[in-house]
Amino acid sequence: MAAFSYRAIDIQGKVVKGSLEGDSERQVRGQLRSKKLKPISVESVQKKEKEQQATDNRLFAPRLKRKDLTLLTRQMSSLIQSGMPLVDALQGVAKQTRNPSVQGIVLQIRSRVLEGLSFAQALGEHPRSFDSMYRAMVNAGEQAGFLGPVLDRLAEYTETSQIAKQKLTSAMVYPMVLMFVCVAIVIGLMVLVVPQLVSVFERAKTELPWNTQFLIASSDFLKAYGIYVFGILVLAVFAFKRWLLIPKNLKKWHAIIIKLPIIGHIIVQSDTARFAGTVSMLIDSGVPLLQGLRISSKTMNNKVLSESSEAVAATVQEGSSLHRALDRAQVFPPLMVQMASSGELNGTLAEQLNYAARAQERELDMQISTALNILEPVTIIVMALVVGFIMYSILTPIFGMSDLL
């Protein structure tokens, strides 16, 4: 049986979407008619995904959302640990979700499992939704016979990642709104207020100070070429993203980023903490160390750090200890190197790496909070200086005219 996505009209005349399993499109249409639905279109989910992959663009790559992945993993963990067979658990998750795309993916995975593939192999047909780390843990859980606990650990990992991302997004909302409002005020003053005062200054025929002349020239430039400047900026951003699609260019950019004073340190802390936490989770789930290192290297967003972690895996494969390989890479924090050394000595590598990851995450939270707390007053001060300069440039010639009168 395969999964099919459909669009149909119900008895009230509304268009409904969903997914069903069947042997053919004709059988699925029959199922829809038995449910008093008039089918509009029925299409194989697998065929649709292949067409999407053929026309895929990396800038707009479709994938399962983080919140959907978290919910799906948690539901699968609960159902499997309750004793439900894998196929029935997938069927239950598909019925619970109201998102047609998620339902289609789950039913497609279920159909592949019914055909004889393992759960990890079925997940491998959706690499944009389930990354290599996710599939490796599922594969280890299947082979060891504890898929439920592994899925529970994965659910905790995805939930923690989602919460951290939401916290960072929420913390960035106020500074971004503040900056947007300040820029809007400055543009409004330059485009709407300043031009109205120019005629007054021209009639007075007084010599204007340099700051007022600069303000008027800036206002004229924005009125005449502002839309073109905005268009050039948009094109530059688009061109920069296309430039980053080339691997060597992306590596150059990432090398520049990690050398920046504050941002670089935050990125290194974030990526290395994710690396240590993932290695710890994989080892604890039964994945061999070497395989865990190679999988974890793919979870790092920075290309330079990812290649450094791959070099760590290669060094370990040559017979070196993990802590020596981490130290030789010269990008991992000293705490992680020390925890790895301690874990290798006493046989608690997974626990020590997990401790290092949690410690780095706590330090990262404090660094981000401090940076945001500094960003807010700095933004206010900078914009106050800009607005103050504009007002001073406007009022100076007005006061001069008053003195003459």
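Criteria and cut-off values
- Residues numbered from 1 in each chain as written.
- Predicted model: local features only at pLDDT ≥ 70, side-chain atom pairs only at ≥ 80, totals over all residues.
- Heavy atoms only, no water.
- Helix = DSSP H or I, 4+ residues; strand = E, 2+ residues; numbered from the N terminus.
- Phe/Tyr/Trp six-rings, centres within 6.5 Å; stacked < 30°, edge-to-face > 60°.
- Buried < 20%, exposed > 50% of the residue type's maximum accessible area, 1.4 Å probe, protein only.
- Salt bridge = Lys/Arg side-chain N within 4 Å of Asp/Glu carboxyl O.
- Axes fitted to C-alpha atoms, helices over the stretch in contact; angles between N-to-C directions.
- Parallel < 35°, antiparallel > 145°, perpendicular 65-115°, else oblique.
- Left-handed = near helix turned anticlockwise from the far one by under 90°.
- Contact = heavy atoms within 4.5 Å.
- Nonpolar A, V, L, I, M, F, W, Y, C, P; charged D, E, K, R; others polar.
- pLDDT = per-residue confidence, 0-100.
- Core = buried A, V, L, I, M, F, W, Y, C linked by side-chain atoms within 4.5 Å.

**Considering unusual backbone geometry**
- A positive phi angle, close to 65 degrees, is found at Gln330, a residue other than glycine.
- Of note, Gln330 is situated in the loop between helix 14 (322-329) and helix 15 (334-346).

**Here we look at the packing of aromatic side chains**
- All chains considered together, the criterion is met by seven aromatic pairs.
- Between Phe130 and Tyr134, the ring centres sit 5.3 Å apart and the planes meet at 50 degrees, which makes this aromatic pair tilted.
- Accessibility expressed as a relative area gives 1% for Phe130, which makes it buried.
- By way of ring pairs, the aromatic residues Trp210, Phe214 and Phe389 are connected into one cluster.

**Structural notes on the pattern of salt bridges**
- For the structure on display, the rule yields five salt bridges.
- For Glu125, the salt bridge is made with Arg112, and the minimal N-O distance between the two is 2.7 Å. Of this pair, Glu125 sits in the loop between helix 6 (119-123) and helix 7 (132-144) while Arg112 sits in helix 5 (residues 100-114), placing them 13 residues apart in sequence.
- Overall, Glu125 belongs to the partly exposed group, its relative accessible area being 25%.
- Classification of Arg112 as buried rests on a relative accessible area of 17%.
- One salt bridge connects Glu307 with Lys251, and the closest N-O pair in it is separated by 2.9 Å. Highlighted residues: Glu307 in helix 13 (residues 303-317) and Lys251 in helix 10 (residues 247-257), separated in sequence by 56 residues.
- Residue Lys251 is classed as partly exposed on the basis of its relative accessible area of 36%.

**Observations concerning the side chain of Thr315**
- Along the chain, Thr315 turns up in helix 13.
- The class of Thr315 is buried, set by a relative accessible area of 12%.

**Side note on the packing of helix 3 (residues 66-81) against helix 4 (residues 86-96)**
- Between helix 3 and helix 4, the shortest axis-to-axis distance is 9 Å and the interhelical angle comes to 135 degrees. As judged from the angle between their axes, helix 3 and helix 4 are oblique. Helix 4 is crossed by helix 3, and the crossing has right-handed handedness. On helix 4, the residues touching Leu72, Gln75, Met76, Leu79 and Ile80 of helix 3 are Leu86, Ala89, Leu90, Val93 and Gln96.
- Residues belonging to the contact of helix 3 with helix 4 are distributed by class as follows: eight nonpolar, two polar and no charged.

**Brief notes about the confidence of the model for the protein**
- When the pLDDT values of the protein are averaged, the result is 80; 90% of them are 70 or greater.
- Note on residues 53-62: pLDDT is under 50 here. Beyond four places in sequence and across chains, it has 14 contacts.

**Details of the nonpolar core**
- Core analysis: the biggest nonpolar cluster contains 38 residues, and Met76, Ile109, Phe119, Phe130 and Val138 have the highest contact counts within it.
- Those elements that place two or more of their residues in this core are helix 3, helix 4, helix 5, helix 6, helix 7, helix 8 (147-204) and helix 11 (263-284).
- If we skip the residues at most four places from it in the chain, Phe130 touches Leu64, Leu69, Leu72, Ile105, Ile109, Leu123 and Arg135.
- Leu293, Met300, Val337 and Ala357 belong to the second-largest nonpolar core, a separate cluster that totals 22 residues.

**Concerning the packing of helix 10 against helix 13**
- Helix 13 packs onto helix 10 with a crossing angle of 100 degrees between their chain directions and a minimal axis gap of 7 Å. Classified by the interaxial angle, the pair formed by helix 10 and helix 13 is roughly perpendicular. Across from Lys251, His254 and Ala255 in helix 10, the residues of helix 13 making contact are Lys303, Val304 and Glu307.
- Here the residues of the contact of helix 10 with helix 13 sort into two nonpolar, one polar and three charged.

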